[in-house]
Amino acid sequence: MKNKPVKLHQLGRAVAVLAGSLLAGSAAQAMDLNPDGDWQVRWDNTFKYSGGYRLKNPDGALISPAAAKRNNDDGDRNIQRGLMSNRLDWLTEFDVQKDGFGFRVSAAGWYDTVYNRRNDNDSPSTANITSGSYNQFTNGTRTAAGQNLELLDMFAFGRVDIGDKRLSIRAGQFSQIWGTSLFFGNNGIAKGMAPIDIYKLNIPGTTAKETTMPVPQLSGTLQLTDSTSLEAYVQAKFKPTRLPPAGSYFSSADFLGPGREVFDLGTPGPGKLNYAGEIKGSHSPNFGLALNTHSDWLDTDFGFYALRYQDTSPQVFTQVPNKRYWIVYPKNVRVVGTSFGTQVGDANVSGEASVRFGQPLAAKQGSLSLAAGATNTNLGSDAIYPTGKTAHVNLSMVNVLGPSALWGGASLTGEVAANHVMSIDRNENIVDPTRNKTSVGMRMIFTPTYYQVMPGLDLSPSVNLGWSFKGNSMIDTAFPFAGSPNKGGDLVLGLTGVYLSKWTANLSYVRYLGKVDTQAMLDRDYIRFSLQTSF
């Protein structure tokens, strides 16, 4: 489904009518539409309001000199101290099932007032926009961050017995990920299975599962024994990763993401290049195989994987003579890997390791260029971008702690992830030498919970630390976090309240850590509040 702009009155009217009609009925009616029938029919809706407030104005060291920062300053300049988000989200889910057969449809809508007005940009000469004034968001950014409706899931599922074995099938548009990663799915097996919504990933602590985007595909699981299964999937359409919209609060590259319009190479010199479109090449279906089994002797689950996919992260190709640039998605990346999951004391410990072949690597700026008049690039074996063999490791832990004198319950969740360039196999001469071949990052979240602080109210404060021990990755410019900071990260102090198991509120303070020259988000600390309910 294409993302088409919607008007405020259209989205507002739809949300208001839906909310009114559902609230007029009982919660049970809204949740179960066929309580006495053989088929289970559910219609669930979640509404969430969220607001954010930027705590300080842009740091001069991050937006100047203009000649050096002209392609990286719009996100910083566009939303200065004050409201950085004022958003209403609606998620609707419709499920029908009986005896292992059924279908599911879900959709999401949102409206954010911040992106439907003029912004705070005060630098006409460095604003990467051609479709409007320097202090406006582009139409694409307004749609992606400010107002839209989009289809998420739309698939059917069923099962059939083949002798004494059962085959389960799903067909349609949905997302799925393999492996064990909690926070660093882009570094794991999951990277090849679904595009990632980096815009959501910028909210620290968002899990890999929450950021995967659905794609049209067919998948099946054959249960070979009680403890062993074989899985496979093939995807019918390619979707790229969703980067932060150009000029939005979490954007640090003005020429990337929805709403991109201009790549400014400076004057005197080539000047401004206009965005010319995406190059995805002819479609070669992404596919994968997985074998999952359990060892009773080790009391451990194991997974073995093999995938081929088109990379969802872009390369930028410039064509200076024609004053334009393209976004290119490399093809034919292969990956093999394995995972484990087991219990160590009270903790669930999991890990995965994989090797990628044909992994695109960061190229020197300006090295991916097209001759005058060219309109295509070769995405096959003769591609001009650099590729190599890379190794990836993720190790995670989830520890649920029982009651104590300090809390009613608590959880400690963490993950360490690393990657390394084992070899550069193609176009080594244009690899960016300033990038690190090895990168390492981690995230740790501690959440104690206090039950019945007031009648019906549970409170959960949390401490969430993400840290890049070594960033500036040659493999992924968004690993371990957006911008690939080196010796930097983020600290989030939060408080979540759940009332009557129906209303959930959260207040968080987000602070970015690091140095000016390696952490693009250093001056964008903010406070975030959200309130949501489902029925």
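Conventions we followed
Residues numbered from 1 in each chain as written. Predicted model: local features only at pLDDT ≥ 70, side-chain atom pairs only at ≥ 80, totals over all residues. Heavy atoms only, no water. Pairing = 2+ DSSP bridges. Helix = DSSP H or I, 4+ residues; strand = E, 2+ residues; numbered from the N terminus. Buried < 20%, exposed > 50% of the residue type's maximum accessible area, 1.4 Å probe, protein only. Contact = heavy atoms within 4.5 Å. Polar contact = N/O pair within 3.5 Å; in protein donor to acceptor, adjacent residues only side chain to side chain. Salt bridge = Lys/Arg side-chain N within 4 Å of Asp/Glu carboxyl O. Axes fitted to C-alpha atoms, helices over the stretch in contact; angles between N-to-C directions. Core = buried A, V, L, I, M, F, W, Y, C linked by side-chain atoms within 4.5 Å. Phe/Tyr/Trp six-rings, centres within 6.5 Å; stacked < 30°, edge-to-face > 60°. Lys NZ or Arg CZ within 6 Å of the ring centre and 35° of its normal.

Caption draft 1: Quick look at the pairing of strand β4 (residues 147-162). As defined by bridge partners, strand β3 (residues 101-112) adjoins β4 across 9 bridges and the pair is classed as antiparallel. In the sheet register, Tyr111 faces β4, and the bridge partner there is Gln147. Strand direction decides the pairing type here: β4 and strand β5 (residues 165-174), joined by 9 bridges, are antiparallel. From the neighbouring strand, Ile162 faces β5, where its bridge partner is Lys165. Linking β4 back to β5 in an antiparallel pair, the connection comprises 2 residues, with Gly163 at a positive phi of about 65 degrees.

Caption draft 2: Structural context of unusual backbone geometry. The residue after Ser64, namely Pro65, is reached through a cis peptide bond having omega 0 degrees. Relative to the assigned elements, Pro65 resides in the loop between α3 (60-63) and α4 (66-69). Cis geometry marks the peptide bond from Phe479 to Pro480; its omega dihedral reads -5 degrees. In this structure, Pro480 sits in the loop between β19 (457-470) and β20 (488-499). With a phi angle near 50 degrees, Asp99 is a residue other than glycine that sits in the positive phi range. Structurally, Asp99 can be placed in the loop between β2 (82-98) and β3.

Caption draft 3: Layout of the environment of Leu493. Mapping Leu493 onto the fold places it in strand β20. Classification of Leu493 as partly exposed rests on a relative accessible area of 40%. Remark: the alpha-carbon pair of Leu493 and Tyr509, spanning 16 residues in sequence, is separated by 5.3 Å. Leaving out residues up to four positions away in the same chain, Leu493 has contacts with Ser462, Val463, Leu507, Ser508 and Tyr509.

Caption draft 4: View of the side chain of Gln319. Take Gln319: it is sitting in strand β12 (residues 315-319). Residue classification places Gln319 among the buried residues on the basis of a relative accessible area of 0%. For Gln319, the side chain forms a polar contact with the side chain of Arg324, separated by 2.4 Å. Those residues in contact with Gln319, other than ones at most four positions away along the chain, are Arg324, Trp326, Leu370, Ala371, Ala372, Gly373 and Ala374.

Caption draft 5: View of the pattern of salt bridges. In this structure the tally under the stated criterion is 21 salt bridges. The salt bridge involving Asp95 is made with Arg104; its shortest N-O contact spans 3.1 Å. The pair Asp95 / Arg104 is uniform in exposure class, with both members buried. Measuring nitrogen to oxygen at the nearest pair gives 3.7 Å for the salt bridge that ties Glu278 to Lys280. By sharing partners, the salt bridges in this structure join Arg54, Asp76, Asp523 and Arg524 into a single network.

Caption draft 6: Main features of the side chain of Arg524. Mapping Arg524 onto the fold places it in the loop between β21 (503-513) and β22 (526-534). Exposure remark for Arg524: the relative accessible area of 1% places this residue in the buried category. One polar contact links the side chain of Arg524 to the main-chain carbonyl oxygen of Tyr249, over a distance of 2.5 Å.

Caption draft 7: Representation of the sheet that holds strand β13 (residues 324-328) in the model. One open sheet accounts for 4 strands, arranged β8-β9-β13-β12; its pairing is mixed. A single partner strand is all that each edge strand has here, and the edge strands are β8 (262-264) and β12. Pairs of neighbouring strands in the sheet enclose a mean axial angle of 35 degrees, with direction left out of account. Strand direction decides the pairing type here: β8 and strand β9 (residues 272-279), joined by 3 bridges, are antiparallel. Residue Asp264 lies in a different strand from β9, and its bridge partner there is Lys272.

Caption draft 8: Inspection of the pairing of β5 at higher detail. With 9 bridges connecting them, β5 and strand β6 (residues 215-223) associate as antiparallel partners. Counterpart to Gly172 in the pairing with β6 is Gln217.

Caption draft 9: Here's a closer look at the nonpolar core. Counting 14 residues, the largest nonpolar core has Ile79, Met84, Tyr115, Tyr249, Phe250, Tyr512 and Tyr526 as the members making the most contacts within it. Counting 13 residues, the second-largest nonpolar core is a separate cluster that includes Ile198, Phe238, Ala253 and Ile327.

Caption draft 10: Summary view of the packing of aromatic side chains. Taken as a whole and assessed by the stated rule, the structure comprises 18 aromatic pairs. Aromatic ring contacts, followed pair by pair, group Phe255, Phe263, Tyr275 and Tyr325 into a single cluster. One residue, Arg170, lies across the ring of Phe155, its end atom 5.4 Å from the ring centre.

Caption draft 11: Summary view of the environment of Ser354. Considering the arrangement of structural elements, one finds Ser354 in strand β15 (residues 347-360). Take Ser354: its relative accessible area is 6%, and that puts it in the buried class. With 16 residues separating them in the primary sequence, Ser354 and Thr338 have C-alpha atoms 6.4 Å apart.

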